[in-house]
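Per-entry structural report
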Amino acid sequence: MFRNNSGGFVFAEFAIALPLLILLGWGLATVSLKLFDVGKNQLADYVLEEEVHDVLSRLIYDARAAKKVIAENGAPTLTFTYRMIKAGTANSITTSEDKRIYILAGGLGNEGSKINYKRVTYYLGNPITGNNYFGETRVTQFKFSQPKNKISGEPLKNVLHITLELESEITHHKIKISTAVYMPSCEEFKIYD
Amino acid sequence: MGRLNNERGFMLLNVIFLTLITSFAAMLLMNAMPRVRNPQSVLKLTAIHLANEQLAMIESKAADGELDLNYLGKPEDLTTENFSQKVPTTFNVTSTDKPNGNLHSVTVKVEWTANGREDFIELERTIRVVPK
């Protein structure tokens, strides 16, 4: 048997305890790394979901009241024009036009492509996607169309169909959501390809 | 048993170590619990926008004097691959209406099944059918 004249641990006890300790530590380290990874991915997915929803709900809200809608698929741009009333000369009022523009900056599918929101035609970009601390996104699809009546094949009057797809740079997940909005007071509606 | 006298210090240390390790593991597991991915939220968002699409189509047709409760949206919008690991989810859209003169309260119900769980959303909008 072992000669135990000094008390405490002997070599055999270390030989058993040390691998167990290493195994335990390794297991805990793996699990915690996996957890941090899952947490990071979840934050990035949350940002992705939130940005798609935000852009679409803004678009629908703006489209609803527009007088003039011009959509362009080549370099995705969506222009809404509203008629505003402003004070004219003495005892009169005149109307003026106010614009809201959604424009894709950076090109479809490119790194860092984002959707800008502008109130005027000259450059004053206000990005409404991307640049998020928890997850950068890129725009992979931003498409407008006018749906057709299934029976007669005629385009449905004043309906704008929007498809938006965003990809997360971190998880490389994609979210694609389509929706449509009816614009009751729209007088001019054009889609260019 | 007298020999254990020498190891009392190690036994106390073991109690402390085991407590620390157990609490660390418990902390990790409790963090993991709410992080189990739930795809239903993304599908719900997609379904809400699909129901809005259907309502927009119904509104456009109603402005021309006809209330059509069939599915009027694009056929490709009925399937989605959002967070479903390449397994498409199919939506089922049904519309019902409660007429009150020219005003119809139209309810659009979107149903789907994901991971063996059924779910649905219902959206309602008041739509005026313009007489021809």
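For the structure itself, consult the block above.
Below or above, wherever it landed, is the structure these notes cover. Fair warning: this is a prediction, and the values are worked out from it, not measured in the lab.

**Overview of the overall build of chain A**
Of the regular secondary structure elements, chain A holds one helix and eight strands. Counting from the amino terminus, chain A carries its helices and strands in the arrangement α-β-β-β-β-β-β-β-β. Considering only residue pairs separated by 6 or more positions, chain A has 50% of its internal contacts joining residues 24 or more positions apart. About 11100 Å² of surface is accessible on chain A, with carbon and sulfur atoms providing 59% of the total.

**Some words on the layout of surface pockets**
It is a probe the size of a water molecule, rolled over the atoms, that shows where empty space is left. One number sums up the size of the largest pocket: a volume of about 1000 Å³. Along the wall of the largest pocket there are 42 residues; nearest its centre are Lys 174 of chain A together with Glu 81, Asn 82, Phe 83 and Ser 84 of chain B. Those elements that place two or more of their residues in the lining of the largest pocket are helix 1 (11-64), strand 5 (137-145), strand 6 (159-168) and strand 7 (174-182) of chain A together with helix 2 (40-63), strand 1 (79-80) and strand 4 (103-114) of chain B. A per-element tally of the lining of the largest pocket places helix 1 of chain A first, with six residues. Broken down by class, the residue content of the lining of the largest pocket amounts to ten nonpolar, 17 polar and 15 charged.

**Quick word on the sheet that holds strand 5 of chain A**
The three strands lie next to each other as 5-6-7 (chain A), forming an open sheet whose pairing is antiparallel. Of all strands in the sheet, those bounded by a partner on one side alone are strand 5 and strand 7 of chain A. Adjacent strand axes in the sheet meet at a mean angle of 15°, parallel and antiparallel pairs treated alike. Strand direction decides the pairing type here: strand 6 of chain A and strand 7 of chain A, joined by nine bridges, are antiparallel. Residue pairing for strand 7 of chain A: Leu 164 of chain A is matched across the bridge by Ile 177 of chain A. Sitting on the sheet, helix 1 of chain A touches strand 5, strand 6 and strand 7 of chain A, and the angle it makes with strand 7 of chain A is about 15°. Along the sheet, helix 2 of chain B makes contact with strand 6 and strand 7 of chain A, crossing strand 7 of chain A at roughly 20°.

**Side note on the nonpolar core**
By size, the foremost hydrophobic cluster in this structure holds 34 residues, and its most contacted members are Leu 59, Val 69, Leu 78, Phe 80, Ile 115, Leu 160 and Leu 164 of chain A. Take this core: its biggest share by element is seven residues, from helix 1 of chain A. When neighbours within four sequence positions are excluded, Leu 164 of chain A is seen to be in contact with Val 52, Val 55, Leu 56, Ile 115, Val 139, Gln 141, Phe 142, Ile 175, Lys 176 and Ile 177 of chain A. Judged by nonpolar contacts, the second largest core, of 26 residues, contains Ala 51, Phe 91, Val 108 and Val 129 of chain B.

**Examining the environment of Leu 33 of chain A**
Along the chain, Leu 33 of chain A falls in helix 1. Sequence separation between Leu 33 of chain A and Thr 137 of chain A is 104 residues, and the spatial gap between their C-alpha atoms is 24 Å.

**A few points about the packing of helix 1 of chain A against helix 2 of chain B**
Between helix 1 of chain A and helix 2 of chain B, the shortest axis-to-axis distance is 11 Å and the interhelical angle comes to 15°. Classified by the interaxial angle, the pair formed by helix 1 of chain A and helix 2 of chain B is roughly parallel. Two packed elements cross with a definite hand, and for helix 1 of chain A against helix 2 of chain B that hand is left-handed. Facing Glu 49, His 53, Leu 56, Ile 60 and Arg 64 of chain A of helix 1 of chain A, the residues of helix 2 of chain B in contact are Ser 41, Val 42, Leu 45, His 49 and Glu 59 of chain B. When the residues that make up the contact of helix 1 of chain A with helix 2 of chain B are grouped by side-chain class, the tally is four nonpolar, three polar and three charged.

**Concerning the pairing of strand 4 (residues 114-118) of chain A**
All names here are of chain A. In terms of burial, strand 4 is a largely internal element, five of the five residues being buried. Here strand 4 shows no split at all, with Lys 114, Asn 116 and Lys 118 on one side and Ile 115 and Tyr 117 on the other all buried. Relative to strand 4, strand 3 (residues 93-105) is paired through five bridges, and the arrangement is antiparallel. Its bridge partner lying in strand 4, Ile 103 is registered against Asn 116.

**Section: a nonpolar patch on the surface**
A surface patch of nonpolar side chains, about 490 Å² in accessible area, is lined by Phe 10, Leu 13, Ile 16, Phe 17 and Leu 20 of chain B. On the secondary structure map, Leu 20 of chain B appears in helix 1 (residues 8-32).

**Some words on the pairing of strand 5 (residues 117-128) of chain B**
Residue and element names in this part refer to chain B. One ladder, built from twelve bridges, connects strand 4 with strand 5; its direction is antiparallel. Bridge pairing in strand 5 links His 104 to Ile 127. Where strand 4 hands over to strand 5, the hairpin turn is made up of two residues, of which Asn 115 adopts a positive phi near 50°.

Criteria and thresholds
- Residues numbered from 1 in each chain as written.
- Chains lettered and ligands numbered in written order.
- Predicted model: local features only at pLDDT ≥ 70, side-chain atom pairs only at ≥ 80, totals over all residues.
- Heavy atoms only, no water.
- Helix = DSSP H or I, 4+ residues; strand = E, 2+ residues; numbered from the N terminus.
- Contact = heavy atoms within 4.5 Å.
- Areas by Shrake-Rupley, 256 points an atom, 1.4 Å probe, with all protein chains shown as cover.
- 1 Å grid on protein atoms, 1.4 Å probe; cavity = no way out; pocket = protein on both sides within 12 Å on 5 of 7 lines; lining within 4 Å.
- Points joined across faces, edges and corners; volume = space filled by probe spheres on them.
- Nonpolar A, V, L, I, M, F, W, Y, C, P; charged D, E, K, R; others polar.
- Pairing = 2+ DSSP bridges.
- Axes fitted to C-alpha atoms, helices over the stretch in contact; angles between N-to-C directions.
- Core = buried A, V, L, I, M, F, W, Y, C linked by side-chain atoms within 4.5 Å.
- Buried < 20%, exposed > 50% of the residue type's maximum accessible area, 1.4 Å probe, protein only.
- Parallel < 35°, antiparallel > 145°, perpendicular 65-115°, else oblique.
- Left-handed = near helix turned anticlockwise from the far one by under 90°.
- Patch = residues over 30% accessible without salt bridge, like charges linked within 9 Å, V, L, I, M, F, W, Y side chains within 5 Å.
- Salt bridge = Lys/Arg side-chain N within 4 Å of Asp/Glu carboxyl O.

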